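# Descriptive structure summary
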Amino acid sequence: MPSLTVGFDLDMTLVDSRPGIAATYRALTERTGVPVDADAAVSRLGPPLRTEIARWFPPDQVEAAVAVYRELYPAYAITPTVPLPGAVAALAAVRDRGGRVLVVTSKIGRLARLHLDHLGLAVDELAGDLFAEEKATALRAHGATHYVGDHVADMVAAGAAGVPGIAVATGPCTADELRAAGAAVVLADLTGFPAALDGMIRLALRQ
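In this report, we go over the structure that sits alongside the text. (Residues numbered from 1 in each chain as written. Predicted model: local features only at pLDDT ≥ 70, side-chain atom pairs only at ≥ 80, totals over all residues. Heavy atoms only, no water.)

Pairing is parallel in the open sheet, where six strands are placed in the order E5-E4-E1-E6-E7-E8. Edge positions in the sheet fall to strand E5 (125-127) and strand E8 (185-187), since each of these pairs with one other strand and no more. Averaged over all neighbouring strand pairs, the angle between strand axes comes to 20°, with direction disregarded. Direction of pairing for strand E1 (residues 5-8) relative to strand E4 (residues 100-104): parallel, over a ladder of four bridges. Looking across to E4, one finds that Val 6 is bridged to Val 101. Along the sheet face, helix H8 (residues 152-161) touches strand E6 (146-149) and strand E7 (165-168) and points at about 175° away from the line of E6. (Pairing = 2+ DSSP bridges. Helix = DSSP H or I, 4+ residues; strand = E, 2+ residues; numbered from the N terminus. Axes fitted to C-alpha atoms, helices over the stretch in contact; angles between N-to-C directions. Contact = heavy atoms within 4.5 Å.)

Okay, the pairing of E7 next. Looking down a regular strand, the side chains alternate between one sheet face and the other. Judged by which residues are buried, E7 turns out to be covered on both faces: Gly 165 and Ala 167 on one side and Ile 166 and Val 168 on the other are all buried. Taken together, the three bridges between E6 and E7 define a ladder with parallel strand orientation. Each residue of the ladder has a partner; that of Tyr 147, found in E7, is Gly 165. In this fold, the crossover linking E6 to E7 by way of H8 has right-handed handedness. Taken together, the three bridges between E7 and E8 define a ladder with parallel strand orientation. Note on E8: the bridge partner recorded for Val 168 is Leu 187. (Buried < 20%, exposed > 50% of the residue type's maximum accessible area, 1.4 Å probe, protein only. Right-handed = clockwise from strand over helix to strand, strands pointing away.)

Turning next to the pattern of salt bridges. One pass over the structure, following the stated rule, counts 14 salt bridges. Salt bridges linked by common partners bring Asp 9, Lys 135 and Asp 154 together as one network. (Salt bridge = Lys/Arg side-chain N within 4 Å of Asp/Glu carboxyl O.)

Pasting the structure below:
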């Protein structure tokens, strides 16, 4: 059995970043004059930032709006973000079992790092600006044995990397959608992660 390395998505898997992201979108509206429905935007977190920005800005303004959003992000999004239930214990569970922790997220790495550092969530590796199948590249490169996420695209990533996907129904996707996307296990939240991980380790040892 390969050494345990568990990858985690960030937004709505490890952290509830909705209040801070909504505040950033409202600041973006104030800065640019382009109305963004912040509540709608945070109801569908997961895809890359450009996907959401493109809903509100003309194509020739998307890249500039992305740059402004990322400029505003540290001031508005970091402090309001909190760990989701079970997140701290989930990372500890991996380490208690001799494993390594990897975060693979669609958020760019420097902003993801601000969240992790602010909340004291220590990880061994961080890979950012990746979505769906793109995440599989980082999962394979770092030897991930499992990937944990809240979005159907995270389960696609796990499948593309050839590792079990552990889904948490804490984001925009339902448990049924996550199962249909290939999740090996679907949890209500990360509080059930240590027991699920033990079950998957036992299963792997028997194979």
